[in-house]
Amino acid sequence: MALLKVLEFPDARLRTKASPVTEFGPPLSGLVRDMFETMYAAPGIGLAATQVDVHQRLLVLDVSKNRDEPRVFVNPQFTLLDQECAENDEGCLSVPGFYESVVRPQNISVTAQNEHGEGFNLEAHGLMAVCIQHEIDHLNGKLFVDYLSSLKRERIRQKLKKQRKLDA
């Protein structure tokens with residue numbers, strides 16, 4: 001297993017729309033293991049393949065308190081179960097150190113495949129629903145900062161740029 005490099009905003013590769021996964025097997029399983037290791041080490045609760053510069057429709061997440069409920073979603077799609085939305089503070093491994101309020105639907109139905117290509121359906125509510133939507137946004141080339149005002153987005157961009165200079 002290996003820790004993968006997480007791309008950071010405003011890296012243009014984060015804007016790449018991911019392609020469907022068509023091949024299942026050991027390479028995909030290895031990527032899934034590496035993504036979980038990277039996500040847990042960060043620490044985070046979700047990670048999309050786009051964030052590690054792999055532009056395939058794959059995401060991993062674990063929203064459990066004990067980090068013992070890993071879930072894999074390959075080629076995920078969701079539909080709304082109702083119109084109920086709520087405001088949540090969201091953060092992102094690609095936008096380290098920033099948390100902002102984003103309004104999202106709270107109840108969704110997800111259709112996806114597991115890492116072996118087997119299809120499944122899942123109803124997700126609350127934090128899991130928010131996390132799935134956040135990660136699917138990544139697969140579509142969208143970041144949570146896109147839900148913010150252009151002023152807030154630019155402020156975050158400048159602060160990250162300044163932090164990178166200090167870290168260099």
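See the structure shown above.
Cut-offs applied
Residues numbered from 1 in each chain as written. Predicted model: local features only at pLDDT ≥ 70, side-chain atom pairs only at ≥ 80, totals over all residues. Heavy atoms only, no water. Phe/Tyr/Trp six-rings, centres within 6.5 Å; stacked < 30°, edge-to-face > 60°. Helix = DSSP H or I, 4+ residues; strand = E, 2+ residues; numbered from the N terminus. Buried < 20%, exposed > 50% of the residue type's maximum accessible area, 1.4 Å probe, protein only. Salt bridge = Lys/Arg side-chain N within 4 Å of Asp/Glu carboxyl O. Lys, Arg positive; Asp, Glu negative; His and termini not counted. Contact = heavy atoms within 4.5 Å. Expected span 1.5 Å × (residues − 1).

> So what exactly am I meant to see when it comes to the packing of aromatic side chains here?
Here a ring pair, both rings aromatic, is described through the centre-centre distance and the interplanar angle of the planes. For the structure shown, the criterion picks out two aromatic pairs. On the basis of an interplanar angle of 20 degrees and a centroid distance of 5.9 Å, the ring pair of F36 and Y40 is categorised as stacked. Residue F36 and its partner Y40 are located together in helix α1 (residues 26-41), separated by four residues, close to a single helical turn. Between F73 and F120 the ring centres are 5.6 Å apart and the planes differ by 55 degrees, which places this aromatic pair in the tilted class. A residue pair is termed long-range when its members are at least 10 positions apart, and F73 in strand β3 (residues 71-80) and F120 in strand β7 (residues 119-125) qualify at 47 residues. For F73, a relative accessible area of 1% translates into the label buried. Judged by its relative accessible area of 24%, F120 falls in the partly exposed class.

> How should the pattern of salt bridges be read in this particular structure?
As a working rule, side chains carrying opposite charge can pair if their charged atoms are close by. By the definition in use, this model includes nine salt bridges. Of the charged contacts, one joins D137 and R104 as a salt bridge, the two residues approaching to 3.0 Å between their closest N and O atoms. One end of the pair, D137, is in helix α2 (residues 126-139); the other, R104, is in strand β5 (residues 95-105), and 33 residues separate them in sequence. The residues D137 and R104 share a single accessibility class, namely buried. Notably, a salt bridge pairs E154 with R157, separated by 2.9 Å at the nearest N-O pair.

> Honestly, the side chain of R57 in this entry has me stumped. Any pointers?
As for its placement among the helices and strands, R57 is situated in the loop between β1 (46-48) and β2 (58-61). Of the side chains with opposite charge, D137 comes closest to the buried, unpaired R57, at an N-O distance of 8.5 Å. Setting aside chain neighbours within four positions, we find R57 in contact with A18, S19, P20, V21, F73, V74, N75, P76, I136, L139 and N140.

> Mind showing me how you'd approach helix α3 (residues 150-167) here?
A turn of α-helix holds 3.6 residues, and therefore any two residues three or four places apart point the same way. With 18 residues, α3 should cover 26 Å at 1.5 Å per step; its first-to-last C-alpha distance of 26 Å lies within 8% of that length. The inward-facing, buried residues of α3 contact β5.

Functional significance is not addressed by these values, which are geometric in nature.
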